[in-house]
Amino acid sequence: MKRIAVLGAGSWGTALALVLARNGHEICLWGRSEDTMAIMRENRVNARYLPDQVLPPAITPMADLTAAVKNADVVLIAVPSATFAELCQTLATTLVTPVPIVWATKGLAANGHGLLHEVAQAALPGAPLAVLSGPSFAAEVAAGLPTAIVLASHDAKTANQLTALFHDERFRVYTSNDMVGVQLGGAVKNVLAIATGIADGLGFGANARAGLITRGLAEVRRLGAHLGAQDATLTGLAGMGDLILTCTDDQSRNRRFGIALGRGESANDAAEQIGQVVEGAFTAAEVAEMAHRLAVEMPICQQVHAVLSQRVAPHTAAQLLMDRAPRAEFN
């Protein structure tokens, strides 16, 4: 049994806490709101995000970060990407000794600061680092439905040790040494899910959806090649697998957000209806900036950013993509 601090009590953090608790570990589930965490402790349920799942005794909800990480063997971060850097900086002064840090956050660092492992390395230089990503809706993971996912670390020993904490007969974990590819797949797929949602909201049909998914994967692979990701990663679970899931199922908040945009709703109204963080809306600007800075062609992601920046209407963005000059599919 390990003591694990899960930082982030949203749907994903709570679902992973349930996986770890089922595997016999002791979990401190941290959230920012004392009132919310007190209610969760009393009622033994995360009523807002996973109302159908009872929290077992092994999970202790709390709002005191210092207490949550005290004596922790592992820290699992599951907060939105916009707050990831701030939390890492706080951990740098809160953790007494370095412990393995694994995150399930799918996004890029704010203000052009790149991939999350670069942020974590700068803030926590002595800690073993890993990222957990792949096709996984929180509600299905929490319910114990079969899921396959990837855990990546630059250190094989760290990857194997952390994989053993999560892996069971319902949550299959594959290891990888490609942190760059696993993070890119998890981040960019959210932007592409907005794109496919917009197309469906405009009524463009299944052909357009399949085209966007496939050409979106080509964009991820181009960016991955530039940053040194392994191409096999981007055509595997953490890349193509997560992309297909997020672009085709309405459990995806990014897809639902895009559908609302395609139907003419504003970004603010769409986000308010969803009621949870839409990572792709934040990540779109970071991906567009990275693509521009590195001179990597990513027209779908750039048009999503243009829509969210209100520079073009959704229908115009789609037309701009279709009006691009003919070219070879692979080059």
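So, how was this worked out
Residues numbered from 1 in each chain as written. Predicted model: local features only at pLDDT ≥ 70, side-chain atom pairs only at ≥ 80, totals over all residues. Heavy atoms only, no water. UniProt positions renumbered as here; feature names shortened; annotations may be inferred. Helix = DSSP H or I, 4+ residues; strand = E, 2+ residues; numbered from the N terminus. Buried < 20%, exposed > 50% of the residue type's maximum accessible area, 1.4 Å probe, protein only. Contact = heavy atoms within 4.5 Å. Areas by Shrake-Rupley, 256 points an atom, 1.4 Å probe, with all protein chains shown as cover. Lys, Arg positive; Asp, Glu negative; His and termini not counted. Charge placed at Lys NZ, Arg CZ, Asp CG, Glu CD. Core = buried A, V, L, I, M, F, W, Y, C linked by side-chain atoms within 4.5 Å. Pairing = 2+ DSSP bridges. Right-handed = clockwise from strand over helix to strand, strands pointing away. Polar contact = N/O pair within 3.5 Å; in protein donor to acceptor, adjacent residues only side chain to side chain. Expected span 1.5 Å × (residues − 1). Domains from an automatic or database assignment. Buried area = accessible area lost by both parts, 1.4 Å probe. Salt bridge = Lys/Arg side-chain N within 4 Å of Asp/Glu carboxyl O.

Going by the annotation in an unreviewed UniProt entry, the name recorded for the chain is Glycerol-3-phosphate dehydrogenase [NAD(P)+], with Spiribacter salilacus given as the source organism. Its UniProt record gives the chain a comment under Pathway (unreviewed entry), which states: "Membrane lipid metabolism; glycerophospholipid metabolism."

(A) Structural context of the overall build of the chain. The helix and strand tally for the chain stands at 16 helices and ten strands. Principal-axis analysis of the C-alpha atoms places the extent of the chain at approximately 60 × 40 × 35 Å. Of all 331 residues assigned to the chain, the portion counted as buried reaches 53%. The contacts of the chain with a sequence gap of at least 6 include a subset with a gap of at least 24, amounting to 71%. A total accessible area of about 14200 Å² is found for the chain, and carbon and sulfur atoms account for 53% of it. Within the chain, the 29 negative side-chain charges are centred at a point lying 3 Å from the centre of the 25 positive side-chain charges.

(B) Just the UniProt feature "active site" (unreviewed entry) in the chain, in detail. Per the UniProt annotation, the sites labelled "active site" (unreviewed entry) are Lys-189. Structurally, the position occupied by Lys-189 is in helix α8 (residues 179-201). Judged by relative accessible area, which is 7%, Lys-189 ranks as buried. When residues no more than four places from it in sequence are discounted, the contact partners of Lys-189 are Lys-106, Leu-184, Asp-242, Leu-243 and Thr-246.

(C) Expanded view of the nonpolar core. If you look at the biggest cluster of nonpolar residues, it comprises 40 residues, and the most contacted ones within it are Leu-184, Val-188, Leu-192, Leu-223 and Met-298. When contributions to this core are tallied by element, the ones reaching two or more residues are α8, α9 (205-227), α11 (237-248), α12 (253-262), α13 (267-274), α14 (279-294) and α15 (299-308). Per element, the largest residue contribution to this core is eleven residues, and it comes from α8. Counting residues in each nonpolar core, the second largest holds 35 residues, with Ala-9, Ala-21, Leu-29 and Ala-159 among its members.

(D) The pairing of strand β6 (residues 74-77), seen in detail. Burial of the side chains of β6 extends over both faces: Val-74 and Leu-76 are buried on one face and Val-75 and Ile-77 on the other. Relative to β6, strand β1 (residues 3-7) is paired through four bridges, and the arrangement is parallel. Looking at β6, one finds that Ala-5 is bridged to Val-75. Inspection of the sheet shows β6 paired to strand β7 (residues 101-103) by three bridges, in the parallel sense. Counted as the bridge partner of Val-75 is Ile-101 from β7. Chirality of the crossover, the property in question, places the unit of β6, helix α4 (residues 84-94) and β7 among those that are right-handed.

(E) Here's a closer look at the side chain of Thr-147. Tracing the backbone shows Thr-147 in strand β9 (residues 147-152). Accessibility expressed as a relative area gives 9% for Thr-147, which makes it buried. There is a polar contact of 3.2 Å between the side chain of Thr-147 and the backbone oxygen of Leu-145. Look past the residues within four positions of Thr-147 in its chain and what remains in contact with it is Pro-135, Ser-136, Val-141, Arg-170, Phe-171 and Arg-172.

(F) Expanded view of helix α1 (residues 11-22). Between its first and last C-alpha, α1 extends 17 Å over twelve residues, near the 16 Å set by a 1.5 Å rise per residue. Of all twelve residues in α1, eleven are buried; the element is thus mostly enclosed. Looking at α1, one finds that the buried residues are Ser-11, Trp-12, Gly-13, Thr-14, Ala-15, Leu-16, Ala-17, Leu-18, Val-19, Leu-20 and Ala-21. Trailing α1 by a residue or two, Gly-24 shows a phi angle of about 95 degrees, which is positive.

(G) Inspection of the domain arrangement of the chain at higher detail. The domain boundaries assigned to the chain delineate domain 1 (2-177) and domain 2 (187-323). A separation of 25 Å is found between the C-alpha centroids of domain 1 and domain 2. The interface of domain 1 with domain 2 comprises 28 residues on the first partner and 25 residues on the second. Taken together, the two surfaces of domain 1 and domain 2 that pack against each other cover about 1900 Å², and 62% of this comes from carbon and sulfur. Interface area lost by domain 1 to domain 2 is led by Lys-106, Leu-108 and Phe-137, which between them contribute 34%. Applying the counting rule to domain 1 against domain 2 returns one salt bridge. Put simply, Asp-242 and Lys-106 hold a salt bridge, and the shortest N to O gap is 2.9 Å. Between domain 1 and domain 2 we count seven residue pairs in polar contact (both at pLDDT 80 or more) in total. Residue assignment for the side of domain 1 that touches domain 2 shows that the elements contributing at least two residues are α6 (138-142), β9 and β10 (171-176).

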